[in-house]
Amino acid sequence: MAIVKRKELSIGEKLYLPAIFRGLSMTFRQMFKKRVTRQYPEEPLPVNEVTRGQPRLAVNDDGTIRCVSCGLCEAACPAYAITIDGQETDRFIEREPERFDIDMLRCILCGFCEEACPKDAILMSDELELADFSREALIYDVERLKRPVSQLRPRLDYVYKVNERW
Amino acid sequence: MTKITLNGREIEVDASKPLIAACEENGVDVPRYCYHPGLSPEGSCRICQVEVSEGGRPPRVVVSCRTPITEGMVVNTETPEAHETRRQCLEFLLKNHPLDCPICDKAGECTLQDYSFAEGQTEGKTEEPRRKLEKRMDLGDVIVLDQERCILCTRCVRYQEEVTKKPELTNAGLASNTYITTFGERPLTGNYQGNLADICPVGALTLKQFRFQARVWNLEKESSICGECSRGCSISAEVLRRNEVKRIRPLFDADVNKWWMCDTGRFAFEHFNDAERLTGGLVASGDNLLVTTTKDALARAAEVLGTGGKAAVVGSAWLSQEEAAALAALAGALGTKAVFVSPEANELKDDLLHTGDPAPNRRGLEELGLKAVSAADAAAAVAGAELAVLAGERVLAGLADENLGTAKLVTFDTGPCLAAGVEVCLPAPFHIEKVGTWLNVDGLERNLTVARKAPAGVEPLDRSLNTLHAALAGAGAQA
Amino acid sequence: MDMLISVLVILAKITCIFGGVITLAALTTLAERKVSAWIQFRHGPNRVGPWGILQPLADGVKFIYKEELVPDGANQVMFYLAPAMVAMPAMMGIAVLPFAAVSPLYQDTGPLAIANLDLSVLFILAFSGLSIYGVILGGWASNSKFSLLGALRASAQMISYELALLLSVAAILLMAGSANLVDIANDQQGSIFNWYIWKQPLAFLLFLIATFAETNRHPFDFAECEPELVAGFHTEYSSMRFALFFLGEYCAIIVMCAMTCTFFLGGFHVPFWADAPWFVQAGMFLAKICFFLFLFIWVRWTLPRFRFDQLMGLGWKTFLPLALLNLFVTGALVAAGVY
Ligand code: SF4
Ligand code: SF4
Ligand code: SF4
Ligand code: FES
């Protein structure tokens, strides 16, 4: 701990006027610099595989859904946004979702569901826009959430790469 | 009584039981797969390893389910050696396990998961492919067998031999090719197959009816009593998302049902989830029933009953003692005696649990002085009266085929009454939604607890009856 | 007939000048947001109309549609009255501002102003002194401690700086020998070096800074002071009444700017063009006003806020003695016939 004495100001400094003029000239010069604001709807945000957008369900190339309705994402979701009911299927995997709802208004885009999923079935897509006229319309059901896995491939690879560190 | 030292504690235990039971009674949990307190010990899974030293000899690791208790034994369940042995056993058990927890109905209550987690067995060493066996083997109407998941504990085989006395399951094949199957691949039979899914420590035997219905950690499990026969087995009613009963399982009750229950009771819950459930009052107006609040309907019921005339009061066999007492008091105020509709005996009687009598509280109601009458007699009594109160879960179903005449009806049931003379329908809770007492066939008190909250608008039946009684008395006093 | 015409002429002048100033006030709000945006590398409002020019209109519509909230325990009458009491005096000042030396209107003699009073300087100063009542009443009637504190600060601040303001103006009046804005402007006609700013640099500085304080602008915006007082005296106001406070504030700024121009920069006179036509003079005047408006905004987005005790110290211990000194020196010089 040290006692710091305030610097005595000289007369010129005490007038403050030079400092004020320096400040004014500084802000004046800023006015002609390049603007950094992104004009959002016209200039969309850059997205890549690191973008943690809304969760989506991956669909295999043969059109079957990857999710087996294990409910782990439902359990992991801190916002209680996911509701799943399972059903039996004839496929080898035996089980698939009958109902898979994500309440997008509750979802906080945390990505816990993606992390919890043992089947790489739910992935954070690069879709960010979310607007509608009613709350019901923003509870996305399984059909609304499905995306071909090819579309989610970069994210999938990225997730694997990140997980390797653990 | 024999003295032993368990984890440094001196205790007295019953030497006729295996060591694992003594541990459990003294609050020490030892992992187990093949051991089940209701079955003879077998010792096939080897997971229950604990460290034991007898007579001052150096300690060694043994399976606690097949080790007899001797005087002065020093048992230690938590030594590193015991843990390491258990972990190695797990590694073997998991060698051929398919690890399909994401689709397995047992996940969440599977002891293979629990102990793997507890013992830290996270990785396998094998590179060879796992065994390929039947994954969806149909064992009749109740059970599906997934042979790959089986860890060959043979609990199921012993259950069939020792409890149901129907040895229909067996382990076939030798050594590492052993698998569980039925004789000649015939389906299982009997009224006690559901228990197999409970005792199977993994997801090899699962209920067909519950298959992929819910994840078990989403179920709220509350204790209640089964209402399908006069045995009154303790059950756990498991509710999904606060409304739908998804599964019923037995709860251990030493005096009544031990660890078991019959399939009749296990699968009798669809009516709890009835979408047409009555949750408010209905009041007759002309030919129609108008929806109103429970309170208004109760007031209307008091008006109807206040008109006087010959009355009949009929309860159901599902009434609790408290409700029956309230009903009897109401009957007294109406100048009659309450009776209850006694359902006919069925052919499900066996020498394990089911009594063949579907009336769960017959004994209690009779002790309270309610007379058991057949549906036809009850209907005749109603038809011969001007006013009638029908009260209790399933009372309307019991009288559904009968002619109730033109008496003015006030009903308390979980559904509406559509008979000709109906004046007021009031809602009543299911027995899993109320607090009360039943007396089972042996005269034992069975305590009903609220396993699922009744929907808003459904009042406890005894309270509704008492309110009605008080309203009648008040009206009488004024008159 | 003559009577009717002169009434019509007056009405025409009121409509044009008043409408023009209100429009300018609206555009100033836009400029405020635009300039602040530019200083911070942003674009500013640019969605409503080309370059966002219609933004003030959109704001107006929004204000009208907002719910009017009156806090519990507010003094209803005063609460309703206060915004008008802020806006009205500020707008009154507009009446005497001269925009050109000769009015172009039919049968209208004298300068282009709604009213050409002999004591127009005193008129403006008197009315601008009144606006503090609206602020105090608004703050007090809101029944909120933030509002009350904001109002108290505003009154203390205005009284302190009014002294410096008046004393520096007094020096100008001494030099011009008149309290009429047109006379003052006429005295600075011709060369740019006739502007009083050269003869009264200290008065110019004091006056300029005091106008910042008078109009509650940064760096002296203690009446609002968001970090401490939420929004000061108008914390509890919403909807159109809030907009009225705003309008009053910007009108006051415009009037103050117009006074600065007239006192120190030759008013409506175009340098080196003594008999310029009326529209050039009016344009010149507007241009000078706009420069000062820009200065107001520019300063706001450059300087941090004072501390309140510093503000009072500056007002009483620096500005008041300096203004007095300036007045004495000017008086002496005028008496000696130098000026
Ligand atoms: S991203 Fe997070 S909040 Fe959204 S559904 Fe997944 S787990 Fe739930
Ligand atoms: S964790 Fe994956 S597989 Fe399981 S339910 Fe969620 S999306 Fe489906
Ligand atoms: S099916 Fe289940 S109970 Fe039967 S042996 Fe296999 S693991 Fe044990
Ligand atoms: S429980 Fe002891 S060996 Fe299986």
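Description of the structure in this document. In this text, all values refer to a predicted model and were calculated from it rather than measured experimentally. (Residues numbered from 1 in each chain as written. Chains lettered and ligands numbered in written order. Predicted model: local features only at pLDDT ≥ 70, side-chain atom pairs only at ≥ 80, totals over all residues. Heavy atoms only, no water.)

Considerations on the arrangement of the chains
For the two pairs of chains in contact, the maximum contact count is reached by chains A and B. Considering only C-alpha positions, the minimal separation of the non-contacting chain B and chain C is 38 Å. (Contact = heavy atoms within 4.5 Å.)

Description of the sheet that holds strand β6 (residues 137-139) of chain B
Residues and elements named next belong to chain B. Spatially, three strands are ordered β6-β7-β10 in an open sheet, and the strand pairing comes out antiparallel. In this open sheet, the two strands that pair with only one neighbour each are β6 and β10 (205-207). Each strand of the sheet is rotated relative to its neighbour by a mean of 35°, with strand direction disregarded. As defined by bridge partners, strand β7 (residues 143-145) adjoins β10 across three bridges and the pair is classed as antiparallel. Within β10, the position partnered with isoleucine 143 by the bridge is leucine 207. (Pairing = 2+ DSSP bridges. Helix = DSSP H or I, 4+ residues; strand = E, 2+ residues; numbered from the N terminus. Axes fitted to C-alpha atoms, helices over the stretch in contact; angles between N-to-C directions.)

Remarks on empty space enclosed by the protein
All names here are of chain C. Following the criterion strictly, the structure yields 10 cavities of 30 Å³ or more and no others. In this structure, the largest cavity is lined by 16 residues; those nearest its centre are Ser131, Met158, Glu214, Thr215 and Ala252. When contributions to the lining of the largest cavity are tallied by element, the ones reaching two or more residues are α3 (76-92), α4 (120-141) and α10 (239-264). Looking at the lining of the largest cavity element by element, the count peaks at five residues for α10. (1 Å grid on protein atoms, 1.4 Å probe; cavity = no way out; pocket = protein on both sides within 12 Å on 5 of 7 lines; lining within 4 Å. Points joined across faces, edges and corners; volume = space filled by probe spheres on them.)

Regarding the interface of chain A and chain B
Interfaces are frequently sized by the accessible area removed from exposure as the parts join. Opposite the 23 residues of chain A that make contact, chain B presents 13 residues. A buried area of about 1,400 Å², summed over both sides, lies between chain A and chain B, and 47% of it is on carbon and sulfur atoms. Ranking the residues of chain A by area buried against chain B places Glu88(A), Glu94(A) and Arg95(A) at the top, with a combined share of 45%. Counting every contact that joins chain A to chain B gives seven salt bridges. In this structure, Arg211(B) and Glu88(A) form a salt bridge, with 2.9 Å as the shortest nitrogen-oxygen distance. Here chain A and chain B share 10 residue pairs in polar contact (both at pLDDT 80 or more) between them. Counting residues per element, the ones that place at least two in the side of chain A that touches chain B are α3 (72-76), β2 (82-88) and β3 (95-103) of chain A. With six residues, the top contributor of residues to the side of chain A that touches chain B is β2(A). A per-class count over the side of chain A that touches chain B returns eight nonpolar, six polar and nine charged. (Buried area = accessible area lost by both parts, 1.4 Å probe. Salt bridge = Lys/Arg side-chain N within 4 Å of Asp/Glu carboxyl O. Polar contact = N/O pair within 3.5 Å; in protein donor to acceptor, adjacent residues only side chain to side chain. Nonpolar A, V, L, I, M, F, W, Y, C, P; charged D, E, K, R; others polar.)

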